[in-house]
Structure formats: structure tokens, C-alpha cells
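Structural overview for review
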Amino acid sequence: SLRISYLLAARAAGPAMVSDVAVQSILNNTADAVEEMIEGLVLLNPSLKRLGGHNVVVRASLDRSKVALVSGGGSGHEPSHAGWVGEGMLSAAVCGAVFASPSTAAVLAAILHVTGPAGCLVVVKNYTGDRLNFGLACEHAKALGLSVELVVVGDDCALPHRGLGIAGRRGLAGALLVHKVAGAAAAAGGSLEKVAAEARSTAASLGTVGVALKTCHPFGTLVEERIAAGSMEVGLGIHGEPGASLARLAPADAIVDEMLRMIVSTEEGCSYLALPRGERVALLVNNLGAATPIEMCVVARRAITALRSVHGVCVSRVYSGAFMTSLDMSGVSLSLLRLDDERIARLDAPAAPLAWPASATPAADAAPLPPPELPSGAQTRHVPPADATTPPILSSEQQAATLRAVRAAAEAVCALEPLLTEWDQKVGDGDCGATLQAGGGGGLAGAGT
């Protein structure tokens, strides 16, 4: 198992590396970043508006005869939460400062703006500030005569049970799927009771685990690298909180296998999401900020394959992308949601937010198509051997000398790969060393080394 004691591993890894260089960013002023981000988002999307005096994004057009859906939290997780405002998902998103809960006043303003006779469902992730401020706003709204329900999402599967219900289980990227299901239920005309019930049921059917190679770097802070080179944190939160365990960096398949094992674990104290064989699930592969598209596809490939072949479940829907980030964190999270026919219909229902994926049904396999037949010689990678009847051009001594020269040249090229790569990174695209190393390796293979 990749899991080890976090404290022991952290002690072995030594203290975090903190430089005297501040995080660089393309901003005007860190204090204005959230407000200016919202202004840019609204300019990019005519279907959105900002609520005056508050960092609240709302739909430009509201149907108050249907249940409203409000969510939010600290910024730095974009496109969550403002990116999910639109028909079929959120009615409003309340944006706090980076990694800070929005004020009760801002949440209340959002509720008052979007809520009509059908009522309002407020969905928050399980963090103290969000539960406090959103909860107080809900109570204020109820005192004003509005029908409001609050649903708290805690989908983290990395931490053990604490004996206090949902307390201690953090809200992660799986909350997005709660937004989608509840938003579709509201758009279909469901009552507040019905929409809230579906949201709670979805939240109870979720499990998420994240892993990162580098933590996030909030704007204006000193650069800190808590995770040492060659290590990774498993089960960390979306605000840079330390993970549940520290482990050596492993191949992608091993990392994904461990994340899935944690999500579907049946171990005492760590069992959150039981998945019998044959169960239908939705898989959310979430980019925590700085994972490359190549890494995302490699992770999705293994997750889909392992869920099918190892865990025996049916991956009915899959979503891959940056859904709930943590600024520039280099890592991914996996979320699993148990499905039934009604929940699949909610996930498939139309949703206006541009960040929501257009298609989510995975392919049955990744089998390639048969390639076309290429003309003779087009795919030659090795010089064909000479005809046995053809006399050699070189003498035995010359052949041996040539072989020694080829071997020496190939070994020298392979040894120089780091230097060649460094030089090419300064003047070119950085592939010279790897390309010549591949050629040198071929030379060594041909020379019998």
C-alpha cells in the first residue's frame, strides 16, 4: 500500500522548503483579484450578471417559480463555483476571497435575489467557515419568511471516521455532481423537498480522493514546496491542507489504483462508499490545477480500466477536466457517484454552464482501428540484413573496429543526454537530447549491447 504515516513521512522528508520569492501572477492587485475575475467572467458570458455590492454571480434571467440553487465558497477553485451558474445548475454562486468563506451578508443577498415562492436550496462543502456563514444566512432568510434548505457535502474518503457524523469529512470535487443533480431536479420543476432529498441522497452516494505532487501557491505569498521531490501527498484537501498520507511517487497506474482502493474501502473506520460488483457509477477525473492534459488522459485511462476489470463496476458516465481546482496545485482527484436511472437522467439533463462537459458516455474500449497498408519501405526502422550470398565489403578486423566505434559513439550520445537537453531547452524545443538518446539506444541494440 502507498499509504504510510503522514507524520513519520513528513518528519523524514524534513521541513517545507520556503523561498524568499513571492508567488508570481498576472494580476493587477491581489486584493482586487476576485472582483476583477467576476467582472471578466460576466463579460465573457452574457447569461451571467454580478449582484451589485457583492461578489455574487447570478443568472441574468431567473425563473423564480422554480426552486433556486445557491452555492459558493472561497475563490481559487475555478471554475467552481461561479462557472456553474446557469440554467440546469446554480442560480447563484457566492465568491469569497481566495480560500476564504464569503460573508453571511453576501450569501443572504444571493438567497434574497434568486428565491421565489418555490424556495431555495443552498449547497455547501463541509468546511467550518462555509457551514457557519451559509448556515447563518439560511436562518436569516427563513426569519424573513423564505423557504430555504441547507445541504452539506462531505465526500472525502481519505480521512477515517471521527464518530461525529459528517464532521471531519471534507467537501471536495464531488460536490459538483450534487450541483448537477439538484440543478436538474429544480429545472424539472421539483419541489424544494424533492430537490433537497435528491441532493442529500447524491451527497451520501459520493466518494472522492485527491493526490498532488506539488501543493498550491496562493497569490502574494512566499513560494513554499511542502512536498519533496520524488514524493506525493495522498488525500489532501483543496486549500493546500496536508494530505492524509505522504508516499513515494509511483507510476500513474499504481497511484490511481490506490485512490480507487481508498474510495471503495471496506476497512473499519474508512468505509464510505460500498460498491458491489455490477454497480453503475459516474467517474469524475478532476484536474486540481496544473495537471497536464497528457496526465489527465493517462489517469482517466487507468481509472476506467481498473473500475471495470478490478472492481467489476459499470462506468456509465465519465467527466474529465478542471472542475474544482486549487489554484496551481499539481495533482488530480477522483470522484465516484453511485447511479440509478433517475440520477443518470439528472446528469444527462441539459445544463447551460459552458464548463459542463457536452458528452459523458465512455467508450466500451480503446481498441485501435486497423491501419492502412503502407507502401514498401515506408515503415523501415532497421537496415535489412544483407543477402547471405553477398560477400562482405569490410574485412573481419574492419567490421570489429566499426562495431567498437558505433558502440562508443552510441554510449557517448546516451551519456550526454542531460547536457544536450539543457542546451536545446535554451535555444530550441528541448527534444534534442531525448531524440539522440533514442538513436543511441538503437545503435547499442544493433551493436549487441
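Residues numbered from 1 in each chain as written. Predicted model: local features only at pLDDT ≥ 70, side-chain atom pairs only at ≥ 80, totals over all residues. Heavy atoms only, no water.

Right, let's get into the side chain of asparagine 133. Within the secondary structure layout, asparagine 133 lies in helix 4 (residues 128–143). At 3.3 Å, the side chain of asparagine 133 and the side chain of serine 101 are in polar contact. Setting aside residues up to four positions removed in sequence, asparagine 133 forms contacts with Ser101, Pro102, Ser103 and Thr104. (Helix = DSSP H or I, 4+ residues; strand = E, 2+ residues; numbered from the N terminus. Polar contact = N/O pair within 3.5 Å; in protein donor to acceptor, adjacent residues only side chain to side chain. Contact = heavy atoms within 4.5 Å.)

Another point: the sheet that holds strand 8 (residues 206–214). What holds strands together in a sheet is hydrogen bonding between their backbones, with the strands either parallel or antiparallel. Here six strands make up an open sheet; going across it, the order is 11-10-8-14-12-13 and the pairing mixed. Each of the sheet's edge strands pairs with one partner strand only, and the pair in question is strand 11 (245–248) and strand 13 (314–321). Recorded for the sheet is a direction-independent mean angle of 20° between the axes of neighbouring strands. In this sheet, strand 11 lies alongside strand 10 (residues 231–234) in antiparallel orientation, the contact comprising four bridges. Bridging across to strand 11, valine 234 finds its partner in serine 245. Contacts from helix 9 (residues 341–348) reach strand 12 (280–287), strand 13 and strand 14 (330–338), with the element oriented near 25° to strand 13. (Pairing = 2+ DSSP bridges. Axes fitted to C-alpha atoms, helices over the stretch in contact; angles between N-to-C directions.)

As a further point, take the nonpolar core. It is characteristic of soluble globular proteins that their nonpolar side chains tend to be buried jointly. The biggest cluster of nonpolar side chains holds 53 residues, and the ones touching the most others in it are Leu121, Leu177, Tyr319 and Leu347. When residues in this core are grouped by element, the largest group, eight residues, is from helix 5 (residues 175–187). Those residues in contact with tyrosine 319 that lie beyond four places of it in its chain are Leu177, Ala282, Leu283, Leu284, Val285, Leu347, Trp356, Pro357 and Ala360. (Core = buried A, V, L, I, M, F, W, Y, C linked by side-chain atoms within 4.5 Å. Buried < 20%, exposed > 50% of the residue type's maximum accessible area, 1.4 Å probe, protein only.)

Our focus in this paragraph is the confidence of the model for the chain. In the predicted model, the chain carries a mean pLDDT of 90, and 92% of its residues have values of at least 70. Throughout residues 1–14 the model reports pLDDT below 50, and contacts reaching past four residues in sequence, or to other chains, amount to 29 contacts. (pLDDT = per-residue confidence, 0-100.)

The next point concerns the packing of helix 11 (residues 417–427) against helix 12 (residues 432–446). Two elements in contact, helix 11 and helix 12, have axes whose closest approach is 7 Å; the angle formed by their N-to-C orientations is 145°. Touching Glu417, Leu420, Thr421 and Asp424 of helix 11 are Cys432, Gly433, Ala434, Leu436 and Gln437, all from helix 12. Residues of the contact of helix 11 with helix 12, tallied by class, amount to four nonpolar, three polar and two charged. (Nonpolar A, V, L, I, M, F, W, Y, C, P; charged D, E, K, R; others polar.)

Another point: the side chain of serine 326. Position of serine 326 relative to the elements: it lies in the loop between strand 13 and strand 14. Filtering out sequence-adjacent residues up to four positions away, serine 326 remains in contact with Gly76, His77, Phe99, Cys216, Ile238, His239, Gly240 and Leu288.

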